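In case you want the letters, here they are:
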Amino acid sequence: SLSSLAKKIAITKLENTSDSLLTEKKLQINKLENENKKKENIIYISGIVLLLIVMVVVVRKFITSLKSNQQLAKEKTKHLKRIKAQSTVLMDIAYIQSHEVRGPLSTIMGLVDLFNIEDPADPGNKELLEGIATVARRLDKVITEVVNKENSLNREEEIDTDETPV
C-alpha cells in the first residue's frame with residue numbers, strides 16, 4: 001500500500017507536470033498565434049497603404065492628363081479660329097482680285113489700246129492718260145486694301161503669339 005501511495009503521488013506529480021507543460025505549451029501556441037495575427041495585420045495594413053499610394057499616383061496622373069487635354073483643346077480652338085480667319089481673309093482677297101482688280105486692269109488695257117502711239121501729240125492721248133491715271137489710282141487703292149487685309153491678319157497672329165504662355 002506504501003508503494004501504491006508512492007505510485008499515486010508519482011502519478012499525481014506526473015499529472016501536475018503534464019498539466020503545467022500542457023498549459024505552458026498552450027501559452028506558447030497562443031503567443032505564436034498572436035504574433036501571426038500581428039504579422040497578418042501588418043501585411044494587410046501594408047497592402048492597404050501600398051494600394052492607397054498607387055491610387056494617389058494614378059489619380060495624379062489622371063489629373064495631369066486631364067489638364068493637358070484641356071490645354072490642348074484650348075490651343076486647338078485657338079488654331080481653328082486662326083485658320084477660319086485666314087480663310088475669310090483669303091476669300092476676301094480672291095473676291096477683290098477677281099472683281100475689283102480685273103475691272104480697273106481691263107480699263108487700263110482698253111485705254112492703252114486706244115492710245116495713239118504713232119502721234120503722241122494727239123489731243124485725245126491726254127484724255128486717255130488722265131483716264132489711265134485715274135484708274136491706276138483706283139487700282140492702287142484696291143491693292144492697298146488687299147495688303148492691309150493681309151497685314152491685319154499678320155498683326156493678329158503676332159498678338160496671339162505674344163499672349164501664348166511659355
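Just above, that's the structure.
All values derive from a computational prediction rather than experimental measurement.

1. Observations regarding the overall build of the protein
In terms of helices and strands, the protein carries two helices and zero strands. Here the C-alpha radius of gyration of the protein, 51 Å, is well above what a compact globule of 166 residues would show, namely 15 Å. The principal-axis extent of the C-alpha atoms belonging to the protein is close to 175 × 25 × 20 Å. Here the protein, with 166 residues, has 9% of them falling under the buried criterion. Taking the contacts inside the protein whose residues are at least 6 apart along the sequence as the reference set, 71% of them involve residues at least 24 apart. Split by element, the accessible area of the protein, about 14,300 Å² in all, is 63% carbon and sulfur. With 25 positive and 24 negative side-chain charges, the protein shows a spacing of 24 Å between the two charge centroids.

2. Quick notes on the environment of Leu128
As for its placement among the helices and strands, Leu128 is situated in helix 2 (residues 123-163). Residue classification places Leu128 among the buried residues on the basis of a relative accessible area of 13%. Note: C-alpha distance between Leu128 and Tyr95 (33 residues apart in sequence) is 28 Å. If near-sequence neighbours (up to four positions away) are discounted, Leu128 is found in contact with Leu111, Leu114 and Phe115.

3. Some thoughts on the pattern of salt bridges
Per the counting criterion, the structure on display carries one salt bridge. Among the salt bridges present, the one from Asp92 reaches Lys149, with a minimum N-O distance of 3.5 Å. Of the two residues, Asp92 sits in helix 1 (residues 2-114) while Lys149 sits in helix 2, which places them 57 residues apart along the sequence. Assessed through its relative accessible area of 30%, Asp92 is described here as partly exposed.

4. Some thoughts on helix 1
Taking 1.5 Å per residue, 113 residues should reach 168 Å; helix 1 reaches 164 Å between its end C-alpha atoms and fits that length. Largest kink in helix 1: about 35 degrees, centred on Arg102, with the proline Pro104 one to four residues after it. Every buried residue of helix 1 is listed here: Arg82, Val89, Ile93, Ile96, Pro104, Ile108 and Leu111.

5. As for the side chain of Asn125
Following the sequence through the fold, Asn125 ends up in helix 2. On the basis of relative accessible area, Asn125 is assigned to the buried category, the value being 2%. Excluding anything up to four places from it in sequence, Asn125 contacts Phe115, Asn116, Asp119 and Pro120.

The rules behind each value
- Residue indices begin from 1 for each chain and proceed along its sequence in written order.
- Selection of residues for local features in this predicted model requires a pLDDT of at least 70, selection of side-chain atom pairs for listing and counting requires 80 or more, and totals for whole chains, interfaces and linings are taken over all residues.
- Computation of side-chain values covers all heavy atoms of the structure but excludes hydrogens and water.
- Helix and strand definitions here come from DSSP, where helices need a minimum of 4 consecutive H or I residues and strands a minimum of 2 consecutive E residues; each element is numbered from the N-terminal end.
- Our radius of gyration looks at C-alpha atoms and nothing else; its globule reference is 2.2 Å times the residue count to the power 0.38.
- The rule is simple: take the accessible area with a 1.4 Å probe, protein chains only, and divide by the maximum for that residue type; under 20% is buried, over 50% is exposed, in between is partly exposed.
- Note on contacts: a residue pair is in contact if any heavy atoms of the two residues lie within 4.5 Å.
- Surface accessibility in these figures is a Shrake-Rupley result with a 1.4 Å probe; residues are shielded only by whichever protein chains are displayed.
- A positive count includes Lys and Arg, and a negative count includes Asp and Glu. His and the chain ends are not counted in either.
- Lysine's charge is taken at NZ, arginine's at CZ, aspartate's at CG and glutamate's at CD.
- Salt bridge, as used here: a side-chain nitrogen of Lys or Arg that lies within 4 Å of a carboxyl oxygen of Asp or Glu.
- How far a helix is expected to stretch is found by multiplying one less than its residue total by 1.5 Å.
- Bend at a residue means the angle formed by two fitted axes: the first through the 7 residues ending at that position, the second through the 7 residues beginning there.

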